Amino acid sequence: MLIAYYSLTGNTRRFVARLVPPADRLEISAHKRATEPFVLVTPTYNFGNVPATVERFIDNNAGYMVGVIGAGNRNWGDNFAKAGRIIAQQYDVPLLGMIELAGTEEDVKTITERMRELE
Ligand SMILES: Cc1cc2nc3c(=O)[nH]c(=O)nc-3n(C[C@H](O)[C@H](O)[C@H](O)COP(=O)(O)O)c2cc1C
């Protein structure tokens, strides 16, 4: 399973790097194309928003998206990891988890299992 992820300051990148076994990874930019099913991992920025680059990537690749993981920081209260919740609802894909910063060992375990179930 491909993991498509966006990371501005490196937290999400660090989380993705910890997934075992290592999945194929695609770091998102607006014009990249996925050619196989992927799980999207996206941080939340600016009051619960999906980063614009991630929105454009989904516009171009929504057909291959099979799940989403939201990332963020609990300091943002109700907006915690909201990008993942927005995308899950908008595109009707399962929300496989919400992680804070680079995630915990437990997040790595649960999310690895949930991804396996999708295969
Ligand atoms: C300007 C700014 C706005 C943010 N807004 C949110 C937010 O609305 N909700 C949230 O959960 N986290 C928010 N965050 C926290 C980031 O999502 C969090 O630091 C995340 O781990 C960043 O991922 P990255 O390092 O892969 O870019 C914000 C961070 C910054 C700098």
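Description of the structure in this document. A quick note: this is a predicted structure, and the numbers were derived from the prediction, not measured.

## Concerning the overall build of the chain
And then number 1: Check the secondary structure of the chain and you find four helices and five strands.
And then number 2: Buried positions account for 46% of the 119 residues belonging to the chain.
And then number 3: In the chain, the proportion of contacts linking residues at least 24 apart, taken out of those at least 6 apart, comes to 67%.
And then number 4: As presented, the chain carries roughly 6,400 Å² of accessible surface, and 48% of it is formed by carbon and sulfur atoms.

## Let's talk about the environment of Thr-44
And then number 1: Mapped onto the elements, Thr-44 comes out in the loop between strand 3 (38-43) and helix 2 (52-61).
And then number 2: You can call Thr-44 buried: its relative accessible area is 15%.
And then number 3: Residues Thr-44 and Val-108, 64 residues apart in the sequence, show an inter-C-alpha distance of 19 Å.
And then number 4: Residues within four places of Thr-44 in sequence aside, it is in contact with Asn-49, Ala-71, Asn-79, Ala-81, Lys-82 and Ala-83.
And then number 5: Polar contacts involving the side chain of Thr-44 include one to the main-chain carbonyl oxygen of Ala-71, which spans 2.9 Å.

## Some remarks on the site of the ligand
And then number 1: Around the ligand, the structure places 19 residues, and the nearest of them are Ser-7, Thr-9, Thr-12, Thr-44 and Tyr-45.
And then number 2: Here an oxygen atom of the ligand sits 2.7 Å away from a polar atom, N or O, in the main chain of Leu-8.
And then number 3: Taking Asn-11, its main chain carries an N or O atom lying 2.8 Å from an oxygen atom of the ligand.
And then number 4: Its free accessible area being 650 Å², the ligand has 84% of it covered by the protein chains.

## With respect to the sheet that holds strand 4 (residues 65-72)
Think of a sheet as strands paired side by side through backbone hydrogen bonds, with each pair either parallel or antiparallel.
And then number 1: If you walk across this open sheet you meet the five strands as 2-1-3-4-5, and the pairing is parallel. Only two strands of the sheet have a single partner each, and these edge strands are strand 2 (24-27) and strand 5 (95-100). Neighbouring strand axes in the sheet, compared pairwise and without regard to direction, differ in orientation by 20 degrees on average.
And then number 2: In this structure, strand 3 lies alongside strand 4, joined through six bridges in parallel fashion. Note on strand 4: the bridge partner recorded for Thr-42 is Gly-70.
And then number 3: Along the sheet, helix 3 (residues 82-91) makes contact with strand 3, strand 4 and strand 5, crossing strand 4 at roughly 155 degrees.
And then number 4: Across the sheet, helix 4 (residues 105-118) touches strand 1 (2-5), strand 3, strand 4 and strand 5, and the angle it forms with strand 5 is around 160 degrees.

## Remarks on the pattern of salt bridges
Side-chain pairs of opposite charge can arise whenever the charged atoms involved come near each other.
And then number 1: Going through the model one piece at a time under the given rule, you end up with three salt bridges.
And then number 2: When the shortest N-O distance is used, the salt bridge between Arg-18 and Glu-105 registers 3.1 Å. Taken together, the residues span a long stretch of sequence, with Arg-18 in helix 1 (residues 11-18) and Glu-105 in helix 4 at a distance of 87 residues.
And then number 3: Classification of Glu-105 by relative accessible area gives exposed; the value is 59%.
And then number 4: Close ionic contact of Arg-74 with Glu-100 constitutes a salt bridge, the shortest N to O distance being 3.6 Å. Within this pair, whereas Arg-74 is found in the loop between strand 4 and helix 3, its partner Glu-100 is found in strand 5, the two being separated by 26 residues in sequence.
And then number 5: Look at Arg-74 and you get exposed, because its relative accessible area is 51%.

Parameters and conventions
Residues numbered from 1 in each chain as written. Predicted model: local features only at pLDDT ≥ 70, side-chain atom pairs only at ≥ 80, totals over all residues. Heavy atoms only, no water. Helix = DSSP H or I, 4+ residues; strand = E, 2+ residues; numbered from the N terminus. Buried < 20%, exposed > 50% of the residue type's maximum accessible area, 1.4 Å probe, protein only. Contact = heavy atoms within 4.5 Å. Areas by Shrake-Rupley, 256 points an atom, 1.4 Å probe, with all protein chains shown as cover. Polar contact = N/O pair within 3.5 Å; in protein donor to acceptor, adjacent residues only side chain to side chain. Near = heavy atom within 4 Å. Pairing = 2+ DSSP bridges. Axes fitted to C-alpha atoms, helices over the stretch in contact; angles between N-to-C directions. Salt bridge = Lys/Arg side-chain N within 4 Å of Asp/Glu carboxyl O.

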